[in-house]
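Commentary on secondary and tertiary structure
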Amino acid sequence: RGLGDVYKRQAQGRPTLADGKLVFGAWDRHLYCLDAATGRCLWKWNNGRPGVFLSPGHVVPRIAGGKVFIVAPDRAVTCLDLATGRQLWRDNSRKARETTGLGDDGRQFYYKTMDGELAAVDTSADAYRETWCTDLGWGYEYNSCPACVRDGVVYVAGRLGQVAAVREDGTLLWSVKCCNSAGNDFRQAPDGSLWITFAEGKLFRTGFRPSPPPGRRAYDRNHVLSRIKVSATNCEGPLRRHPFCKQ
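What comes next concerns the included structure. (Residues numbered from 1 in each chain as written. Predicted model: local features only at pLDDT ≥ 70, side-chain atom pairs only at ≥ 80, totals over all residues. Heavy atoms only, no water.)

1. Considering the sheet that holds strand β10 (residues 108–113)
Hydrogen bonding along the main chain pairs the strands of a sheet, whether they run parallel or antiparallel. As a reminder, the rule being used: At least two DSSP bridges between two strands are needed for those strands to be called paired. In this description a helix means any DSSP run of H or I spanning at least four residues, a strand means any run of E spanning at least two, and both kinds are numbered starting from the N terminus. Lines fitted to C-alpha atoms define the axes, with helix axes restricted to the stretch in contact, and inter-axis angles between N-to-C directions lie between 0 and 180 degrees.
Spatial strand order, β9-β10-β11-β12: four strands in an open sheet with antiparallel pairing. Across the chains shown, the open sheet's two edge strands, defined by having one partner strand only, are β9 (96–102) and β12 (130–135). Put simply, the sheet's adjacent strands are angled 20° from each other on average, direction ignored. The pairing of β10 with strand β11 (residues 117–122) spans five bridges and is antiparallel. Within the sheet, the bridge partner assigned to Phe-109 lies in β11 and is Val-121.

2. Some remarks on the environment of Arg-29
Put simply, the test is: In this scheme, a residue with accessible area under 20% of its type's maximum is buried, one over 50% is exposed, and one in between is partly exposed, where area comes from a 1.4 Å probe on protein chains only. In what follows, residue pairs with any heavy atoms lying within 4.5 Å of each other are defined as contacts. N or O atoms closer than or at 3.5 Å make up a polar contact, with two conditions inside protein: a donor-capable atom paired with an acceptor-capable one, and, for residues adjacent in sequence, both atoms drawn from side chains.
Within the secondary structure, Arg-29 sits in the loop between β2 (21–25) and β3 (30–35). Judged by its relative accessible area of 22%, Arg-29 falls in the partly exposed class. C-alpha separation for the pair Arg-29 and Pro-50, spaced 21 residues apart in sequence, amounts to 7.7 Å. Residues contacting Arg-29, with those up to four places away along its chain left out, are Trp-45, Asn-46, Asn-47, Gly-48, Arg-49, Pro-50, Gly-51, Val-52, Ser-55 and Pro-56. Within the structure, Arg-29 has its side chain in polar contact with the side chain of Asn-46 (distance 3.2 Å). In this structure the side chain of Arg-29 is engaged in a polar contact, spanning 2.7 Å, whose partner is the backbone oxygen of Arg-49.

3. Some thoughts on the nonpolar core
Inclusion rule: Each nonpolar core is a collection of buried residues, namely Ala, Val, Leu, Ile, Met, Phe, Trp, Tyr and Cys, held together in the definition by side-chain atoms within 4.5 Å.
Formed by 17 residues in total, the largest nonpolar core has its most connected members in Tyr-155, Val-163, Trp-174, Cys-178, Phe-186, Ile-196 and Phe-198. Where this core is concerned, the elements lending two or more residues are β14 (153–157), β15 (162–167), β16 (172–177) and β18 (194–198). In this structure Phe-198 touches Gly-161, Gln-162, Val-163, Cys-178, Cys-179, Ser-181, Ala-182, Gly-183, Asn-184 and Phe-204, once residues within four positions along its chain are discounted.

4. A look at the packing of aromatic side chains
The criterion, for reference: Classification of ring pairs uses Phe, Tyr and Trp, with its six-membered ring standing for Trp, and accepts pairs whose centres are within 6.5 Å; under 30 degrees between planes counts as stacked, over 60 as edge-to-face, and the remaining range as tilted.
Taken as a whole and judged by the stated rule, the model has nine aromatic pairs. Pairing Phe-24 with Tyr-32 gives two aromatic rings, centres 5.6 Å apart and planes at 20°, and the pair type is stacked. Grouping residues by exposure puts Phe-24 and Tyr-32 together as buried. Considering the side-chain rings of Tyr-110 and Trp-132, the 5.8 Å spacing of their centres and the 35° angle between planes classify their relative orientation as tilted. Placement of Tyr-110 in strand β10 and of Trp-132 in strand β12 is noted, with a sequence separation of 22 residues between them. The exposure classification of Tyr-110 matches that of Trp-132, with both residues buried.

Structure (structure tokens):
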């Protein structure tokens, strides 16, 4: 089997489990839904395009109210029925690209655009209904790092080392540049802080403070508390206690 065949079958993004169903995408053009107990394929969906590079292979599906929400390199937001896989609606009014998140209460679906914006969609609506769209100030953007949502704040990372925090009403709280490479993923530490890894081998800890401490301007750039560069073969000191740092 050639390398191309292996690539087409790869599922790169994290799967999502809800109501006994496991939903994930692959680089073979399809989004799959399996019975979580038996592994039986319940349905699969594709966008009707022949190119595998438009596949939902590196997305995290978000599920709310019996619906599945995804964005993929095809630059569209898609909503499917979780039970049947039937396409409920699709919208390409903005250039959506892979990054997704879901509000704490499931009422809003979040996605990042290729114009450096974060948009929110009402998950209860029968058609695409955007509740807000916030410019992050990043310009051209295509990084697929999943968004992280905690206590009313959406955290997103960019292709050039940026991290931003946006309140769930669309207010941009802060945006900082940490390094020069794409963000990989967020992880939460036991102390409540968020850690994010970057492609150049750097880790950043972002302090999580919904209310700023006395004497500090609300949500200033000092919320980025520290950074540590980790080599491919070495993981020293306090980072050992964080679950993503395993060597």
